[in-house]
Amino acid sequence: MARKRLSLLATICLAIAMLVPHYAMAAADPPSFSVSTDKSALNSGDEVTVTVKGSKLQDVYAYELHVYYDSDLLTFKTGSEKTALVGFSTPAKVVADGGGESHLVFAHTKSGTSPGDSGDLDLASFTFTAAANGKADVEVRKIRLVDSALASSTIDGHYAASIQIGSSGGGSGGSGGSSGGSPAQPAGTLTVTADQLKNGKPIEVPASAAVIKLPSNTDELLGKGTLSIVTSGKAELDIPSSVFSELKTSLTSAQLQGGSISLTIKPVEGAAKPTLGADTKLSGYSYELKLQWIAADGTSYDLHQFKEPVTLRLPVDASINPKLASIFYLPDSGAPEFVGGTYGNGVYVAQLSHFSSYAVLEIDKNFSDVPSSYWASGVIKELFAKQIVTGTTASTFEPNRSVTRAEFTALLVRALGLKAEGTPAFTDIPAGAWYAADVATAYKAGIVQGVSSTTFSPGSNITRQEMATLAMRGYELMKGKPPVTAAEPFKDEASISAWALDSVKKAASLGIVQGRAKGEFVPLGTSTRAEAAQMLYGVINKL
C-alpha cells in the first residue's frame, strides 16, 4: 500500500508539473548528465552497478529517468534501484521494448515545502547481472526534472556507458554526453535484408545474435513461402508468411509507418533454466521465442498466438532417451506443459500455435509398484513421459487396478491428441465431471457410444472387447481402415460379441491386442491399468 501511495505521489507531482509554464528551469549554466559503472569488464553471472549523475543542477524537487539497456546481455536486479537524495522513490519499472532492448523508468520526489536539491548529484544507481557475453550499453535517453515551483523540463539526450562481458577488445565504463543521430543497433542483433528473404535460403544465426531484425514487408517478400531460421545450436524455426501478416493486422497506419519486425530466438542458460522435478532432465537449451513489431518510436507490439502453426525443431542430446522425451512449453510460472512432437535423426519436431519458451525434456518416472522387471514397465514410462497416463499417487501407478469406461475414454482422447469438442450427451455424466469433456469429444468423433441412448455408465469397468473396439475406432479415425491380415484366431472367439468381433480381429492383426493365457481373448474380462497402457501404446505406435 505504501508503494502505491509513493507511486501515486510521484505521478501526481510530475503530472502537475506538466501544467505549469516551463520557465523556472532556465539557468545560466544548463545541467549536464553522465552514466558511469563500477566495473568496465566482467564475466557472465557477475553484477555491475550503473550510476546516473547530474551536474550543475538547480532546485531539483522531483525527477524521472528512462534508462535503456541490452536485455539480451543484462538482467536488471529487481529492487536494486537506489538514491541518496532525501524523498520518496518509485520502484524501477521494467519496460520490454523488443529487439533485445528494455528500459527502466525510475521516479523520485520530495514532499511538502522542501526545497529542491542543487549542485552535482548522484541521481540513482541500478544493479544488473551479466547474462551473456558481449558489449552491453546502458543509456539514459530521457530525463524529466521538476523544481520546487512544480515547473518541469524534459531533456532528451544520449548519455551512455559500455560494459564488456566476457573476453573482447576492452570497453570501459564511464561518462557520456549527448550525441546526435539514431542509437546504435543493440548488440546481439542480426539484420536480415530483403535479398536474403527473396533467395529462399535458411537464415543462419550466429551464436552472438539472439534477435533477428526483419524488413517490415517480410510477408510480401516471402509470398506464400516460409522463413527458415537455423541457430548455431542447431535449433530451427519455420515461420509461414501468414504469421508476419497476422503480426501487422491489428496495427494502425501510424504504428506501421517506419517500423520493422523483431524475431527473438534466444537460448537460455545457467540460472535462467527452468526448475525441473527430480525425474525430469533438460536436453541442451531452452529457447525463448518472441515475434514483435517495433514501431518507429520504439514501441513494441507482440504477436503471442497465430492461426497457422510454426514448426520448431530442437536437437536432442545424446544422453537423452528420445522415447522418454518430448517438447514442452515452459511458462513463466508453474510446471512445464506438454507439447509433444515427433522424433527422428536426433531432432524433435513440433507444431506451435504461440510463441514463448520451449525445450526438450526427458521424464524418467519410477513408480514404487512398477519395478523395471514388470512386463509393462517400459510402456508405462513412455506413456507417462508423453503425459498420456498418470500415477494414482505421486509414487504409485497401481498397474493391476481395473479401468473404468470413463478412464479409458479419457486416456484414448489424450493419446490421440484430440481437441475438446462437443457437450456431454448422456444423463449420467455431470457437466463438471473430470472426464465429461473427454467423453463428449470421443462421442462427437464417433469413438464411443452409450450403453443406452441416454446413459454412458462412466464408472463401470471397461471390458476387453469394449477397449479393443474403442481403440480401433480411434485408430481408424486417425489412420483410416487398415488392411486386415490373417491372425491366429482366439480359442474363445465364439464368445466375442458380434458388434466387437471385427474390431478385435483388426486389433489383433495389427498387434494392438493380444490374448491372455492359453490363447484366449477373454472378451468380457475387465482390463487393468497396465493392459490399457499397453493397448494405447500399440495404437499410437501404429499411427
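Source: prediction; values computed, not measured.

> Hey, could you run me through the pattern of salt bridges in this one?
As a working rule, side chains carrying opposite charge can pair if their charged atoms are close by. Tallying each qualifying case throughout the model produces 20 salt bridges. Note that K290 is salt-bridged to E288, the shortest N-O span being 3.5 Å. On the basis of relative accessibility, which here comes to 23%, the residue E288 falls in the partly exposed class. The partner of D364 in a salt bridge is K381, with the nearest N and O atoms 2.4 Å apart.

> I would appreciate a short explanation of the environment of G166 in the present structure.
Here G166 shows up in the loop between strand 11 (152-165) and strand 12 (189-191). Given the relative accessible area of 17%, G166 is considered buried. Sequence spacing of G166 and N43 is 123 residues, and the spatial spacing of their C-alpha atoms is 4.9 Å. Discounting chain neighbours no more than four positions away, the residues touching G166 are L42, N43 and N133.

> Where do I start with helix 6 (residues 377-385) in this structure?
Count 3.6 residues to each turn of an α-helix, and residues three or four apart come out pointing the same way. Counting buried positions along helix 6 yields eight of nine residues, so the element is predominantly enclosed. All buried positions along helix 6 are accounted for by S377, V379, I380, K381, E382, L383, F384 and A385. In the stretch just after helix 6, Q387 is the one whose phi turns positive, near 60 degrees.

> Help me understand the packing of aromatic side chains, please; the structure alone is not making it clear to me.
Here the distance between the centres and the angle between the planes together describe a pair of aromatic rings. Applying the stated criterion across every chain, the model contains 18 aromatic pairs. Summarising the aromatic geometry, the rings of F76 and F128 are spaced 5.7 Å apart at their centres and angled 65 degrees between planes, so their arrangement reads as edge-to-face. Of the two residues, F76 sits in strand 5 (residues 74-76) while F128 sits in strand 9 (residues 117-130), which places them 52 residues apart along the sequence. We note that F76, like F128, is buried. With a centroid separation of 5.3 Å and 90 degrees between ring planes, the pair formed by W434 and Y435 is classed as edge-to-face. Judged by its relative accessible area of 13%, Y435 is buried. Over the ring of F456 we find R405; its NZ or CZ atom is 4.3 Å from the centre of that ring. Taking the ring centre of F521 as reference, the NZ or CZ of R464 above it sits at 4.6 Å.

> What's the story with a nonpolar patch on the surface in this structure? I'm lost.
There is a patch of nonpolar side chains on the surface, built from L477, M478 and L543 and spanning about 250 Å² of accessible area. Assignment of secondary structure puts L477 in helix 9 (residues 464-479).

> Looking at this model, I keep getting lost on the sheet that holds strand 3 (residues 47-60). Mind explaining?
Backbone hydrogen bonds are what pair the strands of a sheet, in a parallel or an antiparallel way. Here four strands make up an open sheet; going across it, the order is 1-3-9-5 and the pairing antiparallel. What marks the edges here is a single partner per strand, and that holds for strand 1 (32-37) and strand 5. Along the sheet, successive strands turn relative to each other by an average axial angle of 35 degrees, direction set aside. Relative to strand 9, strand 5 runs antiparallel, the two sharing three bridges. When the bridges of strand 9 are listed, F76 appears paired with F128.

> Is there a simple way to think about the confidence of the model for the protein in this case?
In low-pLDDT regions, the fine details of the predicted coordinates are not to be read closely. Mean pLDDT for the protein: 85, with 89% of residues reaching 70 or above. Ranking the elements of the protein by mean pLDDT puts helix 1 (residues 2-17) last, at 48, and strand 16 (residues 236-240) first, at 97. Segment residues 1-6: pLDDT under 50, and four contacts once partners within four positions in sequence are set aside and those in other chains are kept.

> In this structure, what is going on with unusual backbone geometry? I would like to understand it.
A negative phi angle characterises most non-glycine residues, just as the trans form characterises most peptide bonds. For N345, which is not a glycine, the phi torsion comes out positive at approximately 55 degrees. Here N345 lies in the loop between strand 23 (342-344) and strand 24 (347-354). Even without glycine at this site, E398 takes up a positive phi of about 55 degrees. One can find E398 in the loop between helix 6 and helix 7 (405-416).

> Can you help me understand the nonpolar core in this one?
The nonpolar side chains of soluble globular proteins are, as a tendency, buried together. Among the nonpolar cores identified, the biggest contains 61 residues, and I380, L383, F408, I512, V513, M535 and L536 are the most heavily contacted of them. In this structure L383 touches I388, V389, A533, L536, Y537 and I540, once residues within four positions along its chain are discounted.

> Would you mind showing me how to read the packing of helix 9 against helix 10 (residues 498-510) here?
When two helices pack together, you describe them by how their axes are tilted relative to each other and by the distance separating the axes. Here helix 9 crosses helix 10 at 70 degrees, and the two axes come no closer than 8 Å. Of the possible angle classes, the one that applies to helix 9 and helix 10 is roughly perpendicular. Helix-helix and strand crossings are classified by hand; for helix 9 and helix 10 the assignment is left-handed. For the pair formed by helix 9 and helix 10, the contact residues are Q465, E466, A468, T469, M472, Y475 and E476 on the first element and W499, A500, S503, V504, K506, A507 and L510 on the second.

> Explain the side chain of E101 to me, please; I cannot follow it from the model alone.
With respect to the helices and strands, the residue E101 is situated in strand 8 (residues 101-109). One polar contact links E101 to R141, side chain to side chain, over a distance of 2.6 Å. Setting aside anything within four residues of it in sequence, one finds E101 in contact with Y68, Y69, S71, A96 and R141.

> Before we go on, may I ask you to explain the side chain of R529 in this structure?
Relative to the assigned elements, R529 resides in helix 11 (residues 529-540). Among the polar contacts made by the side chain of R529, one reaches the main-chain carbonyl oxygen of F397 at a distance of 2.6 Å. Ignoring sequence-local partners within four residues, the contact set of R529 consists of T390, G391, T392, F397, E398, P399, R401 and V403.

> Before we go on, may I ask you to explain the sheet that holds strand 20 (residues 305-315) in this structure?
The six strands lie next to each other as 13-15-16-20-24-23, forming an open sheet whose pairing is mixed. Lying at the two open borders of the sheet, with one neighbouring strand each, are strand 13 (203-205) and strand 23. Strand-to-strand twist across the sheet, computed as the mean angle between neighbouring axes with direction ignored, equals 20 degrees. As defined by bridge partners, strand 16 adjoins strand 20 across three bridges and the pair is classed as antiparallel. Bridge pairing links D238 to T311 in strand 20.

What counts and what doesn't
Residues numbered from 1 in each chain as written. Predicted model: local features only at pLDDT ≥ 70, side-chain atom pairs only at ≥ 80, totals over all residues. Heavy atoms only, no water. Salt bridge = Lys/Arg side-chain N within 4 Å of Asp/Glu carboxyl O. Buried < 20%, exposed > 50% of the residue type's maximum accessible area, 1.4 Å probe, protein only. Helix = DSSP H or I, 4+ residues; strand = E, 2+ residues; numbered from the N terminus. Contact = heavy atoms within 4.5 Å. Phe/Tyr/Trp six-rings, centres within 6.5 Å; stacked < 30°, edge-to-face > 60°. Lys NZ or Arg CZ within 6 Å of the ring centre and 35° of its normal. Patch = residues over 30% accessible without salt bridge, like charges linked within 9 Å, V, L, I, M, F, W, Y side chains within 5 Å. Areas by Shrake-Rupley, 256 points an atom, 1.4 Å probe, with all protein chains shown as cover. Pairing = 2+ DSSP bridges. Axes fitted to C-alpha atoms, helices over the stretch in contact; angles between N-to-C directions. pLDDT = per-residue confidence, 0-100. Core = buried A, V, L, I, M, F, W, Y, C linked by side-chain atoms within 4.5 Å. Parallel < 35°, antiparallel > 145°, perpendicular 65-115°, else oblique. Left-handed = near helix turned anticlockwise from the far one by under 90°. Polar contact = N/O pair within 3.5 Å; in protein donor to acceptor, adjacent residues only side chain to side chain.

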